[in-house]
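A closer look at the structure
Residue-level listing of the chains:
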Amino acid sequence: MSILGRMFSFAHNETYTRAIRCYDQGQYEEAIEEFAQILEHEAAADAVTLKLARFYTAEAHTQLGSDAMKRRDWDQCAYAYGQALTLQPQYADLHFHRANALWKLKRFDEALFHLLRAVDINKKFVKAIIYHGIVLYEMGNRDEGLQRVQEAIDIKPELKTNDRFVRAMEYHNKGDFLNALGALETIASTEADDVLFHANLADDLYRRQSYDEAIEEYRKAISINPRYADVRNHCGMAYQMLGQNEDAVAEFKAAISINSKYVEAYVNLGNTYRDMGDSALAREFLDKALEIDPNNPFARNSIAAA
C-alpha cells in the first residue's frame, strides 16, 4: 500500500481501496477514475479520505505527465500537469513542468504564466527563473531574457563556475540566436540526475529510431558533463545510424579517451571506419577491442565482416 495509505489505520470505503490498489500498481488512469467517484460524492466520504483522494489524484496525474514527458508527448504532458494543478495549485514544480510542456508546444504566453506562478510560490526557484528567461529569449525579447538568466545565476553562485552562460553570450553576440538558446537551456542542468534524464530520454528516442531527436538529447547531456563515456558512445551510435560517420567517429574517440578499455566504443569505431571504406583503421580498432576482451563476440563478428 502507498505510504500515506499505511499511515492511517481506519477502514476506507471500497472505492478508495480499489483506487489505491490501482495507484500502487501504476494503473494511474484507472486510479483517477476510482478516486473521481469519491470526489464526486464528497458527502459520503470522511474528511481524511477526501484529502487523500485529492492528493493521490494529483499524484496520478503527475505520474502521467512525467510518462508523457519521457515520450515527448507534450500535449498530454501539459494536460496531465494541468489536471494535477487543479488539485494542487500551490506546487511550484507542477507549474514548472506544465510550463516546460507548453514551451515545447510554442504556447509561450501560457508557459510564461506558469513560470511566473512557480517563482511567485518559490522566489528562489532557479530553474523556473532561467526558463522564464529562455522563453522570453525565444519570443524575441532577448535582452530581457538574458537579464532573467543572469538574475538566476546571481541567486545560485555555483552556476557562475561553468562557462555555459559565457558560451550563450558568445553565440548571442554573433547573432547565432539558435545556438545561444541551446546553450541557455543547459545552464540549469548541473546535476548528475539531469545528465541521466537527458541520456535516458535519448536512449528511448534511439530505440524508437528517432535519431535526430536522440542526438539532441545526447548533446544536452554532454553539454552538462562531457565526461560520460556511455553517453558519448551512444551519441556516436545515433550519428552512425544517420550516416554521419565523421561525427560518429568523434564521439567514439571521445568515449575511448574517457575510458581506454571501453570495448564497445572500439568496436563501434572500427565498424564506422569499415563503413567509411578504411579497412586498415577498422581492423586496428577491432583488434584493440579483442586485445582488451579476447572473447568479445561483437568484436569477433565485426572482424569477420571487415
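Structure: above.
Here the structure is a predicted model, which is why all the values come from computation and not from measurement. (Residues numbered from 1 in each chain as written. Predicted model: local features only at pLDDT ≥ 70, side-chain atom pairs only at ≥ 80, totals over all residues. Heavy atoms only, no water.)

Description of the overall build of the chain
Heads up, the condition is: A run of DSSP states H or I qualifies as a helix once it reaches four residues; a run of E qualifies as a strand once it reaches two. Both are numbered from the N-terminal end. Burial here depends on accessible area, computed with a 1.4 Å probe over protein chains only, as a share of the maximum for the residue type. Under 20% is buried, over 50% is exposed, and the range in between is partly exposed. The criterion used for residue contact is that any of the two residues' heavy atoms lie within 4.5 Å. For accessible areas, the Shrake-Rupley method is used with a probe of radius 1.4 Å. Any residue's cover is judged against the shown protein chains and nothing else. Only four residue types enter the charge count: Lys and Arg as positive, Asp and Glu as negative, with His and the chain ends excluded. Throughout, a charge is located at the NZ atom of Lys, the CZ atom of Arg, the CG atom of Asp or the CD atom of Glu.
Across its full length, the chain holds 18 helices and zero strands. For the C-alpha atoms alone, the extent of the chain along its principal axes is close to 80 × 50 × 30 Å. Residues counted as buried form 48% of the 306 residues belonging to the chain. By sequence separation, contacts in the chain at least 24 residues apart represent 49% of the contacts at least 6 residues apart. When the accessible surface of the chain is summed, it comes to about 15,700 Å², and 49% of that surface belongs to carbon and sulfur atoms. The average position of the 35 basic charges and that of the 47 acidic charges among the side chains of the chain differ by 3 Å.

Description of the pattern of salt bridges
Stated precisely, the cut-off is as follows: Only one rule defines a salt bridge in this text: a Lys or Arg side-chain nitrogen within 4 Å of an Asp or Glu carboxyl oxygen.
Scanning the entire structure with this criterion turns up 18 salt bridges. For the salt bridge of Arg107 with Glu110, the shortest nitrogen-to-oxygen distance reads 2.8 Å. Look at Arg107 and you get partly exposed, because its relative accessible area is 30%. Across the pair Arg219 and Glu251 runs a salt bridge, and its minimum N-O distance is 2.6 Å. Of this pair, Arg219 sits in helix α13 (residues 211-224) while Glu251 sits in helix α15 (residues 245-258), placing them 32 residues apart in sequence.

Quick word on the nonpolar core
Using the following cut-off: Take the buried Ala, Val, Leu, Ile, Met, Phe, Trp, Tyr and Cys residues and link them wherever side-chain atoms come within 4.5 Å; each set so joined is a nonpolar core.
Ile130, Leu184 and Ile187 are the most contacted members of the largest nonpolar core, which totals 44 residues. Among the secondary structure elements, those contributing two or more residues to this core are α4 (47-71), α5 (74-87), α6 (92-104), α7 (108-121), α8 (126-139), α9 (142-155), α10 (164-173) and α11 (177-187). Element by element, the count of residues in this core is highest for α8, at nine residues. If you look at the next biggest cluster of nonpolar residues, it comprises 36 residues, including Leu201, Ala202, Met237 and Ala255.

Some thoughts on the packing of aromatic side chains
Stated formally: Any two rings among Phe, Tyr and Trp, with Trp reduced to its six-membered ring, count as a pair given centres within 6.5 Å; such a pair is stacked if its planes are under 30 degrees apart, edge-to-face if over 60, and tilted if neither.
Using the criterion set out here, one finds 12 aromatic pairs in the structure. Geometrically, the ring pair formed by Tyr137 and Phe177 is edge-to-face, given 6.4 Å between the ring centres and 70 degrees between the ring planes. In this pair, Tyr137 is assigned in helix α8 and Phe177 in helix α11, connecting sequence segments 40 residues apart. Taking the relative accessible area as the measure of exposure, Tyr137 reaches 2% and is therefore buried. Plain terms: the ring middles of Tyr206 and Tyr211 are 5.3 Å apart, the flat faces sit at 70 degrees to each other, and that makes the pair edge-to-face.

Quick look at α4
To keep things clear, this is the line we draw: A helix is expected to span 1.5 Å multiplied by its residue count minus one.
The terminal C-alpha atoms of α4 lie 37 Å apart, and with 25 residues this matches the ideal 36 Å at 1.5 Å per residue to within 8%. In the segment just after α4, Arg72 is the residue with positive phi, at about 60 degrees.

Description of α10
Every α-helix carries 3.6 residues per turn, so stepping three or four residues along brings you back to the same face. Put simply, the test is: By definition, the arc is the one covered by directions from the helix axis to the C-beta atoms.
Along α10, the residues classified as buried are Arg164, Phe165, Ala168 and His172. For α10, the angular spread of buried residues about the axis comes to 95 degrees, placing them on one side. At the C-terminal side of α10, Gly175 shows a positive phi close to 85 degrees.

With respect to the packing of α8 against α11
Test applied: Only the contacting stretch of a helix is used when fitting its axis, a line to C-alpha atoms as for every element, and angles between N-to-C directions run 0 to 180 degrees. By definition in this entry, angles of less than 35 degrees are roughly parallel, angles greater than 145 are roughly antiparallel, angles of 65 to 115 are roughly perpendicular, and the rest are oblique. Each residue is assigned to one class: nonpolar for Ala, Val, Leu, Ile, Met, Phe, Trp, Tyr, Cys and Pro, charged for Asp, Glu, Lys and Arg, and polar for all the others, Gly among them.
Two numbers describe how α8 lies on α11: the axes approach to 9 Å, and their chain directions differ by 170 degrees. In terms of orientation, α8 lies roughly antiparallel with respect to α11. Counting all contacts with α8, which are made through Ile130, Tyr131, Ile134, Tyr137 and Glu138, the residues of α11 involved are Phe177, Ala180, Leu181, Leu184, Glu185 and Ile187. Tallied by class, residues from the contact of α8 with α11 come to nine nonpolar, no polar and two charged.

Considerations on the environment of Met139
With respect to the secondary-structure elements, Met139 resides in helix α8. Through-space distance from the C-alpha of Met139 to that of Met241 is 34 Å; in sequence the pair is 102 residues apart. Beyond its immediate chain neighbours, meaning those up to four positions away, Met139 contacts Phe108, Asp109 and Leu112.

Quick look at the environment of Ala250
Here Ala250 lies in helix α15. Here Ala250 falls in the partly exposed class, since its relative accessible area comes to 43%. Linking Ala250 and Ser260, residues 10 residues apart in sequence, is a C-alpha distance of 15 Å.

Some details on the packing of α15 against helix α16 (residues 263-275)
Our working rule: Left-handed describes a crossing whose near helix is turned anticlockwise from the far helix by less than a right angle; the clockwise case is right-handed.
Interaxial distance between α15 and α16 falls to 9 Å at its minimum, and their mutual angle equals 155 degrees. On the basis of their axis angle, the class for α15 and α16 is roughly antiparallel. Read as a crossing pair, α15 and α16 show a hand that is left-handed. In contact with Asn245, Ala248, Val249, Phe252, Lys253, Ala255 and Ile256 of α15, α16 contributes Ala265, Tyr266, Asn268, Leu269, Thr272, Tyr273 and Asp275. Residues that form the contact of α15 with α16 fall into these classes: nine nonpolar, three polar and two charged.

Interpretation in functional terms is not warranted from these geometric data alone.
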